Amino acid sequence: MDGARLRYPPGALVILTGLPGAGKTTLLRRLYGMDGAESLPINSGTAVVIDSAQSRRHWNGRLTWAPYPVRRAVVFVTHLTRIRQALTQGHSVLAHNRGCAPYVLRGFAWLARRHGADFHLLLLDAPAEEALAGQRARGRVVAARTFARHQRRWDSLLTRVKGGDPAPAAGARIVNRAEAGLLEAIVFDSAGGVDPRRRRSYKG
């Protein structure tokens, strides 16, 4: 972290993850002026900001015939497709993804490698009670069993990262809610540590 700015290499895929209710969407809205009504990714310079809620809003009211597991799968595939498209176009990508299961992270790592991008994790760490309070504040509370599963996976990932193992990502940063509140920008530039041999030109 450079002061109140986080820096990443150009063209990187950065996945912002944490417990449901930790404040991930709140952080993106504050940094990028989002109002919560977006159904498409937003552009910020050469970067694309992709919130999973954008895909959910895109399909809102359009899959009423489908059972919830099908709707959830369609939303997730849409989210992944948008990330892939942005990487294909040479953009840096900052994407919110609620889940942090090992197979999900391996999938993102594979996607990044396929497009020659560095893969990084940005972990927004909030105690479970604060995350639950965040869910109640937004009016969408995750089922207790689902939240417990998220918490187990989150605790495992956090323990590994604190122990120096960010795999399958090239690197991982942990910020708590107070630090996130002080963050002014997430920047993709050469100061983020890109290997000049991997530098590419990017479309706007």
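Heads up: these notes are all about the structure in this document. (Residues numbered from 1 in each chain as written. Predicted model: local features only at pLDDT ≥ 70, side-chain atom pairs only at ≥ 80, totals over all residues. Heavy atoms only, no water.)

**Structural notes on helix 3 (residues 68–88)**
With 21 residues, helix 3 should reach 30 Å at 1.5 Å per residue; the first-to-last C-alpha distance of 30 Å fits that figure. Along helix 3, the positions that sit buried rather than exposed are V75, T78, H79, R82, I83, A86 and L87. Residues of helix 3 that are buried make contact with strand 2 (13–17), strand 4 (47–50), helix 2 (52–59), strand 5 (92–96) and helix 4 (102–114). (Helix = DSSP H or I, 4+ residues; strand = E, 2+ residues; numbered from the N terminus. Expected span 1.5 Å × (residues − 1). Buried < 20%, exposed > 50% of the residue type's maximum accessible area, 1.4 Å probe, protein only. Contact = heavy atoms within 4.5 Å.)

**Points about the environment of G45**
For G45, the position within the fold is in the loop between strand 3 (42–44) and strand 4. A residue is classified by how much of its surface remains accessible, and G45, at 66% relative accessible area, is exposed. Taking the C-alpha atoms as reference points, G45 and I186, separated by 141 residues in sequence, lie 11 Å from one another.

**Points about the packing of helix 2 against helix 3**
Helix 3 packs onto helix 2 with a crossing angle of 125 degrees between their chain directions and a minimal axis gap of 9 Å. Relative to helix 3, the element helix 2 is oriented oblique. For the crossing formed where helix 2 meets helix 3, the hand is right-handed. Residues S52, Q54, S55, R56, H58 and W59 of helix 2 lie in contact with helix 3, whose contacting residues are V74, V75, T78, H79 and R82. Across the contact of helix 2 with helix 3, the residue classes break down as 3 nonpolar, 6 polar and 2 charged. (Axes fitted to C-alpha atoms, helices over the stretch in contact; angles between N-to-C directions. Parallel < 35°, antiparallel > 145°, perpendicular 65-115°, else oblique. Left-handed = near helix turned anticlockwise from the far one by under 90°. Nonpolar A, V, L, I, M, F, W, Y, C, P; charged D, E, K, R; others polar.)

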